[in-house]
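Structural features, examined
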Amino acid sequence: MMRERTVNGIVLAGLWLIPLTAWLMGAPFTITLATKVAILALAGVGLNLALGIGGLVSLGHAAFFGIGGYAMGVLASHAQAFDPILTAPFEWSGTKSMPVIWLFAIVAGALAALVIGALSLRTSGVYFIMVTLAFGQMFYYFAISWPAYGGEDGLSIYVRNGFPGLNTLDPIQFFAICAVVLMAVLWLVSRIVASPFGLALNAARQSEARVRAVGLEPYRLRLIAFVISGAITGLAGALFADLNRFVSPVMFSWQMSGELIVFVILGGVGRLFGPVVGAALFVTLEHWLGGLSDYWHIYLGVLLLLVVLFARGGIVGALARRDGHD
Amino acid sequence: MTGVLFAEQVLNGLQSGIMLFLTAAGLTLVFGVMGLINLAHGSLYMVGAFAAAAVAAWTGSFLLGLVAALAAAAAAGALVEVVVIRRLYARDHLDQVLATFALILIFSEGVRWAFGSFPLFLDIPDALSGPVMLPGGIAYPAYRLMLIVVGLAVAGGLGLLIAKTRLGVRIRAGEADREMVAALGVDIRRLYTVVFALGAALAGLAGALVGAIQSVQVGMGEPVLILAFVTIVIGGIGSIKGALVGALLVGLTDTLGGVLLPLLFGLFMAPSAAGATGSALASMAIYILMAGVLIWRPRGLFG
């Protein structure tokens, strides 16, 4: 068994070396797949903070993913149509700048997570799962029936949004942006997990009564974790929309929430790099099995079933023991 | 809006609520007795609808289609329980969510592989295809009225089954204290299989009955599954009575919200904007209802 840190190093090296090799060999499609991995991994990292560390099984994280996507879609569609999004107090016609869009996606994701979390965290266990699922569906149906931004058909953004000093239309440069964002968030999450807040959150999952006994309020810890988690997933949603240059209610669908959980579990729940491994495996399987058979979801289902029934701890769990005491 | 039109919408709401109850009852029963959250319940609904459509097309008999739906869903439920679900009772909810999510993928793609992506059609039997005149001059489709009657009858039968029969005693005992029931010599494993198959059969029946007024297609189960979740969260998980009350509330809110909200907004908005805002809000109405119930009673009305 390796140390978890060794596994993380190998994963990180793979994340950068595979697309760089593809770039040297002139295989842009592989770079796009790697970009997809980085973005979905980012969404999974967000979910992992709530699910893996906080023990909050949210089946509604597609809400934040979709909100991030629509933050990008709304801002960029106004900018491309020169149609002011705000007329008072000052005129503003949206933006095509990624950092500004990210800021909106993060804030919108955090606000949605604050409202959904404040309500859902009043419940626990199986109620929490169902309530988060229902809130996710609420956004899904709202996006379908609200005609202003494409309704069921979604929104197309014709040119990928810009990033100062880089050409985002070049696959390897866009990959680099996504991968750097992913690494920054991984670093941030590792700091959060090691902080007093992260330790208290972890403790609240393991033994709520003891956390209460030392004077901490589990509800508040969980709500903060849920908000950070929603913000990260919202940011991933904005990047995902930029990857596809398209937003649609599918980003809000509950299958999306399910897939996010699948990334976290396949990789290893509560492991820092678990979602990265899970997303990489998922995208690889999707591409490989999807080429073999139209019915590749059957194989995915069987694989997932086998992992849940017989290989708990996911791939990182199978490769590495936990660092430190656990 | 006239009184007749309103009464018609109330009946529509009752009809969709009572069909929702058939799906929600199995979900809440399985959770109450086994402590299992089953995302694949919607797949059993779909299996029932496909079995009914296939058998009805083959034999020409709607009734045989219903029998096939009950049998196929119960058999699929029992099979899944023995092969997969049984291993999940002792696991945490996260594992249950994932494993049953995997089952949805397998069921959906399996049915797509067997029947193709195009919807099947299940015809309403001729005897029930016309309207019936109800007191007050309401002409209401006979088939939908039959759905309300059948749904109420099944709800009553389920209530009697749980309150009066030996199986019902065992189910209630299993809910209360699993070890004690096993110690008294009840084969708890078989009981669980029976309860799961019973819930599956109810979902399959609902799928077949509703399939005749909607199209029978892959993915039809998931919207119903989510409505059923909302229903049992409102009613209180594990409570059959809660499922009935929750289902009727959800059915009425969904149907009446879709009709009344655009009209309400029409009072002070332009018609096109009122239609858009009203229907967008109506699509969220049941979730707002659920949030309201949870703020008031976090464990549901009867939880």
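Source: prediction; values computed, not measured.

A closer look at the overall build of chain B
Check the secondary structure of chain B and you find eleven helices and two strands. The helix and strand sequence of chain B, counted from the amino end, reads α-α-α-α-β-β-α-α-α-α-α-α-α. Taking 2.2 N^0.38 as the reference for a compact globule, 303 residues should give roughly 19 Å; the C-alpha atoms of chain B span a radius of gyration of 20 Å, in line with that estimate. Each of the three principal axes of chain B carries a C-alpha extent, and together these read 65 × 50 × 35 Å. Out of the 303 residues belonging to chain B, those deemed buried represent 52%. Here the analysis covers contacts within chain B between residues at least 6 apart in sequence; of these, 75% occur between residues at least 24 apart.

Describing the environment of Q137 of chain A
Summarising the element assignment, Q137 of chain A is placed in helix α5 (residues 125–145). For Q137 of chain A, a count of 28 C-beta atoms within 10 Å gives the class buried. When the C-alpha atoms of Q137 of chain A and V185 of chain A are compared, they prove to be 27 Å apart, with 48 residues separating the residues in sequence. Beyond its immediate sequence surroundings of up to four residues, Q137 of chain A is in contact with W254 of chain A together with I226 and Y287 of chain B.

With respect to the environment of L305 of chain A
With respect to the secondary-structure elements, L305 of chain A resides in helix α12 (residues 296–310). Taking the C-alpha atoms as reference points, L305 of chain A and G270 of chain A, separated by 35 residues in sequence, lie 19 Å from one another. Once you skip the residues sitting within four places of it in the chain, L305 of chain A turns out to touch V84, A99 and A102 of chain B.

Details of the nonpolar core
If you look at the biggest cluster of nonpolar residues, it comprises 220 residues, and the most contacted ones within it are A38, L42 and A134 of chain A together with A52, L98, V230 and V233 of chain B. With sequence-adjacent residues up to four places away left out, A38 of chain A is seen in contact with L15, F175, C178, A179 and L182 of chain A.

Considerations on the pairing of strand β1 (residues 131–134) of chain B
Residues and elements named next belong to chain B. Across four bridges, β1 lies against strand β2 (residues 138–141) in antiparallel orientation. When the sheet's bridge partners are listed, M133 is paired in β2 with A139. The turn linking β1 back onto β2 is made up of three residues, and G136 within it adopts a positive phi angle of 95°.

Some remarks on the interface of chain A and chain B
Contacts between the two partners involve 36 residues from chain A and, on the opposite side, 36 residues from chain B. For the side of chain A that touches chain B, the secondary structure elements donating two or more residues are α5, α10 (254–267) and α12 of chain A. A per-element tally of the side of chain A that touches chain B places α5 of chain A first, with 14 residues. Taken together, the residues of the side of chain A that touches chain B break down into 28 nonpolar, seven polar and one charged.

Let's talk about unusual backbone geometry
Phi at R245 of chain A takes a positive value of approximately 50°, unusual for a residue other than glycine. The residue R245 of chain A is located in the loop between α9 (218–244) and β3 (246–247) in this model.

Some thoughts on the confidence of the model for chain A
The predicted model of chain A averages 89 in pLDDT, with 98% of residues at 70 or higher. For chain A, per-element mean pLDDT is lowest for strand β4 (residues 320–321) of chain A, which scores 72, and highest for α9 of chain A, which scores 96.

Considering the packing of helix α2 (residues 41–59) of chain B against helix α4 (residues 93–115) of chain B
All names here are of chain B. At their nearest, the axes of α2 and α4 sit 10 Å apart, and the two run at 20° to each other. Accordingly, the angle class assigned to the pair α2 and α4 is roughly parallel. As for the relative orientation of α2 and α4, their crossing is left-handed in sense. Across from S43, M46 and F50 in α2, the residues of α4 making contact are L103, I104, F107, S108, V111 and F115. Within the contact of α2 with α4, the residues separate by chemical class into seven nonpolar, two polar and no charged.

Points about helix α2 (residues 28–53) of chain A
Residues and elements named next belong to chain A. Compared with the 38 Å implied by 1.5 Å per residue over 26 residues, the 36 Å span of α2 between its first and last C-alpha is a close match. Its axis deflected by about 40° at L47, α2 carries its strongest bend there. Counting buried positions over the 26 residues of α2 gives 22, a clear majority of the element. G55, located one to two residues past α2, shows a positive phi value of around 70°.

Conventions and cut-offs
Residues numbered from 1 in each chain as written. Chains lettered and ligands numbered in written order. Predicted model: local features only at pLDDT ≥ 70, side-chain atom pairs only at ≥ 80, totals over all residues. Helix = DSSP H or I, 4+ residues; strand = E, 2+ residues; numbered from the N terminus. Rg over C-alpha atoms; globule rule 2.2 N^0.38 Å. Buried ≥ 20, exposed ≤ 12 C-beta atoms within 10 Å, placed from the backbone. Contact = placed C-beta atoms within 7 Å. Core = buried A, V, L, I, M, F, W, Y, C linked by C-beta atoms within 7 Å. Pairing = 2+ DSSP bridges. Nonpolar A, V, L, I, M, F, W, Y, C, P; charged D, E, K, R; others polar. pLDDT = per-residue confidence, 0-100. Axes fitted to C-alpha atoms, helices over the stretch in contact; angles between N-to-C directions. Parallel < 35°, antiparallel > 145°, perpendicular 65-115°, else oblique. Left-handed = near helix turned anticlockwise from the far one by under 90°. Expected span 1.5 Å × (residues − 1). Bend = angle between axes of the 7 residues up to and from the residue.

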